[in-house]
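Read off the chains here:
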Amino acid sequence: LRNVQLPACTYMPIGAFSGCTNLSYLSMGVTTIASNTFSNYTNFTTMILPSCTLVSTNAFRGCSNLTTVSLGNCSTLGNSAFMDCFKLQTISLPICTKVGTNVFLSCSALSQINLPSCTTLGNSAFNGCTKLFSISLPACTSVGAYAFSNCTSLTSLTLPNCSTFGTGVISGCTNLSTLKVGLTAVASSAFLNYTNLKAVTLYSCSRINTRAFSGCT
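The shown structure was predicted, so the numbers you read here are calculated from the model rather than taken from an experiment.

1. With respect to the sheet that holds strand β4 (residues 46-48)
Spatial ordering of the open sheet is given by β1-β2-β4-β6, a layout of four strands whose pairing is parallel. The open sheet is flanked by β1 (3-6) and β6 (68-70), the only strands paired with a single partner. Averaged over neighbouring strand pairs, the angle between their axes works out to 5° when direction is ignored. When β1 meets strand β2 (residues 25-28), the two strands line up parallel, connected through four bridges. Bridge assignment links glutamine 5 to a residue of β2, and that residue is serine 27.

2. Digging into the layout of surface pockets
Where empty space is left can be seen by rolling a probe of water-molecule size over the atoms. Considered as a void within the structure, the largest pocket measures approximately 220 Å³ in volume. Taken together, 14 residues form the lining of the largest pocket, with Phe165, Gly166, Gly168, Ala187 and Ala190 sitting closest to its centre. The residue inventory of the lining of the largest pocket, partitioned by class, reads 10 nonpolar, four polar and no charged.

3. Re the packing of aromatic side chains
The tally for this structure, following the rule as stated, stands at 11 aromatic pairs. Note on phenylalanine 38 and tyrosine 41: the rings are 5.5 Å apart at their centroids and 85° apart in plane angle, and the pair reads as edge-to-face. In this structure, phenylalanine 38 and tyrosine 41 share a single accessibility class: buried. Put simply, the rings of Phe17, Phe38, Tyr41, Phe44, Phe60, Phe82, Phe104, Phe126 and Phe148 pair up and form one aromatic cluster.

4. Points about the nonpolar core
Of all hydrophobic cores here, the largest spans 66 residues; its most connected members are Phe82, Phe104, Phe126 and Phe148. Secondary-structure elements contributing two or more residues to this core are β2, β14 (156-159) and β16 (178-181). For phenylalanine 126, the residues in contact, after removing those within four places along its chain, are Phe104, Leu110, Ile113, Leu115, Leu121, Leu132, Ala147, Phe148, Ser149 and Cys151.

5. Comments concerning the sheet that holds strand β12 (residues 134-136)
Read from one edge of the open sheet, four strands run β12-β14-β16-β18, paired in parallel fashion. The open sheet has two edge strands, β12 and β18 (199-202), and neither has a second partner. Ignoring which end each strand starts from, the neighbouring axes of this sheet average 5° apart.

6. Notes on the environment of leucine 154
Relative to the elements of secondary structure, leucine 154 occurs in the loop between β13 (142-143) and β14. The class for leucine 154 is buried, based on a relative accessible area of 0%. Note: C-alpha distance between leucine 154 and threonine 130 (24 residues apart in sequence) is 7.7 Å. Once residues lying within four places of it in the same chain are set aside, the contact partners of leucine 154 are Leu132, Phe133, Ser134, Ile135, Phe148, Cys173, Asn175 and Leu176.

Calculation notes
- Residues numbered from 1 in each chain as written.
- Predicted model: local features only at pLDDT ≥ 70, side-chain atom pairs only at ≥ 80, totals over all residues.
- Heavy atoms only, no water.
- Pairing = 2+ DSSP bridges.
- Helix = DSSP H or I, 4+ residues; strand = E, 2+ residues; numbered from the N terminus.
- Axes fitted to C-alpha atoms, helices over the stretch in contact; angles between N-to-C directions.
- 1 Å grid on protein atoms, 1.4 Å probe; cavity = no way out; pocket = protein on both sides within 12 Å on 5 of 7 lines; lining within 4 Å.
- Points joined across faces, edges and corners; volume = space filled by probe spheres on them.
- Nonpolar A, V, L, I, M, F, W, Y, C, P; charged D, E, K, R; others polar.
- Phe/Tyr/Trp six-rings, centres within 6.5 Å; stacked < 30°, edge-to-face > 60°.
- Buried < 20%, exposed > 50% of the residue type's maximum accessible area, 1.4 Å probe, protein only.
- Core = buried A, V, L, I, M, F, W, Y, C linked by side-chain atoms within 4.5 Å.
- Contact = heavy atoms within 4.5 Å.

Written out as structure tokens, the structure reads:
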């Protein structure tokens, strides 16, 4: 089984496609993808789920050939939902408000994201997404630890309403040059030795701590 098109199907029980590891194309009307449903389906290339509102934990983890994802009505991405999807290049989630932990961890081909409604970004959500070069999350208020760590191509990060920044959010983002965030305070050594940082806008900042920008030559 390689191609599944069930546009009127709104319910998919756990194990419905168990063992169908050659499945490469899926188009369904389901509203929920359960945990681990397609984990490590390495032949999966295309996933179209226009009615899906929830993608659960590990749902597509390890789908190493997945390139195309359509989730126009998804509001929540569970932990590690697309982790290790090495060929995923773009994703648009126009109404998604919550991105869990490790969701796009090591998606090394991901170069474009659209998350205009996202308010919460979990730990290591985009860690290791080495092709991402620009990120704007206008509604985001909370970013977890290491969310953008090791995004080595990232040059611009815009989070105008973000007041909560976890540990190491941009650690390893060695090419970051433009930063716009809504932080109320900058922690000690937060941007230590970010030598490519050229422009910083801190919309709500009232306190900068020790060595916050030290070494930003």
